[in-house]
Amino acid sequence: MRITLKTVLISTLLVLFQLHSITAFSLTNSNHSSEIECEYEIKKQDQFTKKIILETKNVRFHNKWERIDMSMRRVGENRFLNINLVLTIKGAFCLNEKSKILFLSSNDSTIELSPIIEFLECGNFKSTQFGSYTNYKLIFSIDETIISSLIDKEIIAIRIYGTDSYYDIDNFGGPRDKSKIPTFFEDHWNCINKKAVGKE
């Protein structure tokens, strides 16, 4: 069988095209090789705009008193991080358009995100037989650069800056969460970038 230079070039281009198709919108961590099965809360195509809408199921992290639920959402070309904070905070604690959240990793690096807030957000206060807490639902616009800075980071604490003060959540993640924290951002980012339904 005669192999020509043209045949070699065509074969090389096909391989490169396949590799690009596999890695487009995908972020990988060399220490996290196992691919998870994506679980979605929402998985559909908007009947009017034809945009893909994907939202992953919440992953819960906690310490003794506070709880954080995180998921990711995609609407067409826009990607978002949803964070639901349940804080045992005393007194008024409000957020506005200048507020921000800092993630502290185990190597002392910090990653800063600013939520999308149009109005003053003072949370939803509730009192139960187990105590009182305030719930905050925040949305962050994210992209590949932001997610790359969070991949392979073990988040150990979070600081939320409000209008007048800040609130720290230390010892982030109970024993059951340790394996989920470093991989959440990579896994959920890859899940919302799958062409799961319809056509774009």
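The preceding data block contains the structure.
Residues numbered from 1 in each chain as written. Predicted model: local features only at pLDDT ≥ 70, side-chain atom pairs only at ≥ 80, totals over all residues. Heavy atoms only, no water.

A. Representation of the overall build of the protein within the structure. A tally of regular secondary structure across the protein gives three helices and eleven strands. Element order for the protein, N to C, with α for helix and β for strand: α-β-β-β-β-β-β-β-β-β-α-β-β-α. Split into buried and exposed, the 200 residues of the protein put 39% on the buried side. In the form shown here, the protein has an accessible surface area of approximately 12800 Å², with 53% of it arising from carbon and sulfur atoms. (Helix = DSSP H or I, 4+ residues; strand = E, 2+ residues; numbered from the N terminus. Buried < 20%, exposed > 50% of the residue type's maximum accessible area, 1.4 Å probe, protein only. Areas by Shrake-Rupley, 256 points an atom, 1.4 Å probe, with all protein chains shown as cover.)

B. Main features of the packing of aromatic side chains. Under the criterion given, the structure shown has six aromatic pairs. Aromatic pair phenylalanine 184 and phenylalanine 185: ring centres 5.1 Å apart, planes at 80°, arrangement edge-to-face. Here phenylalanine 184 matches phenylalanine 185 in class, with each residue buried. Clustering of aromatic rings is evident, with ring pairs tying together Phe61, Phe103, Phe184 and Phe185. Over the face of the ring belonging to tyrosine 161 we find lysine 100, whose NZ or CZ atom lies 5.2 Å from the ring centre. (Phe/Tyr/Trp six-rings, centres within 6.5 Å; stacked < 30°, edge-to-face > 60°. Lys NZ or Arg CZ within 6 Å of the ring centre and 35° of its normal.)

C. Structural context of the pairing of strand β2 (residues 52-56). By the criterion of burial, β2 is predominantly enclosed, with five of the five residues buried. Of the two faces of β2, the one lined by Ile52, Leu54 and Thr56 and the one lined by Ile53 and Glu55 are each fully buried. Summarising the sheet, strand β1 (residues 40-45) and β2 pair through five bridges and their orientation is antiparallel. Note on β2: the bridge partner recorded for isoleucine 42 is glutamate 55. One ladder, built from three bridges, connects β2 with strand β4 (residues 67-75); its direction is antiparallel. Bridge assignment links leucine 54 to a residue of β4, and that residue is arginine 74. (Pairing = 2+ DSSP bridges.)

D. Structural detail: the state of the cysteines. The tally for this structure, following the rule as stated, stands at two disulfides. Through a disulfide, cysteine 94 is tied to cysteine 122; the S-S separation comes to 2.0 Å. In this structure, the disulfide formed by cysteine 94 and cysteine 122 twists by about 105° around the S-S bond and is classed as right-handed. Placement of the pair is cysteine 94 in the loop between β5 (78-87) and β6 (100-105) and cysteine 122 in the loop between β7 (110-113) and β8 (124-128), with a sequence separation of 28 residues. The buried category is assigned to cysteine 94, whose relative accessible area is 12%. The cystine pairing of the protein, numbering bonded cysteines in sequence order, is 1-4, 2-3. (Disulfide = S-S within 2.5 Å.)

E. Looking closely at the nonpolar core. Met72, Leu81, Leu85, Phe103, Ile160 and Phe185 are the most contacted members of the largest nonpolar core, which totals 33 residues. Every residue in contact with leucine 85, bar those within four places of it in the chain, is listed here: Arg67, Ile68, Ile101, Thr134, Asn135, Tyr136, Leu138, Ile160 and Ile169. Core analysis: the next-biggest nonpolar cluster, separate from the first, contains five residues, Cys38, Ile52, Leu54 and Cys191 among them. (Core = buried A, V, L, I, M, F, W, Y, C linked by side-chain atoms within 4.5 Å. Contact = heavy atoms within 4.5 Å.)

F. Representation of the pattern of salt bridges within the structure. Tallied over the entire structure, the rule returns six salt bridges. Connected through salt bridges with shared partners, the residues Arg60, Arg67 and Asp69 form a single ionic network. (Salt bridge = Lys/Arg side-chain N within 4 Å of Asp/Glu carboxyl O.)

G. Representation of the layout of surface pockets within the structure. Considering only enclosed or pocket space, the second largest pocket measures out at about 380 Å³ in volume. The wall of the second largest pocket is formed by 17 residues, among which Trp65, Thr88, Phe130, Ser132 and Tyr133 lie closest to the centre. Looking at the lining of the second largest pocket, the elements that each hand over two or more residues are β8 and β9 (131-142). Per-element accounting of the lining of the second largest pocket gives the leading share, three residues, to β9. Considered class by class, the residues forming the lining of the second largest pocket number six nonpolar, seven polar and four charged. (1 Å grid on protein atoms, 1.4 Å probe; cavity = no way out; pocket = protein on both sides within 12 Å on 5 of 7 lines; lining within 4 Å. Points joined across faces, edges and corners; volume = space filled by probe spheres on them. Nonpolar A, V, L, I, M, F, W, Y, C, P; charged D, E, K, R; others polar.)

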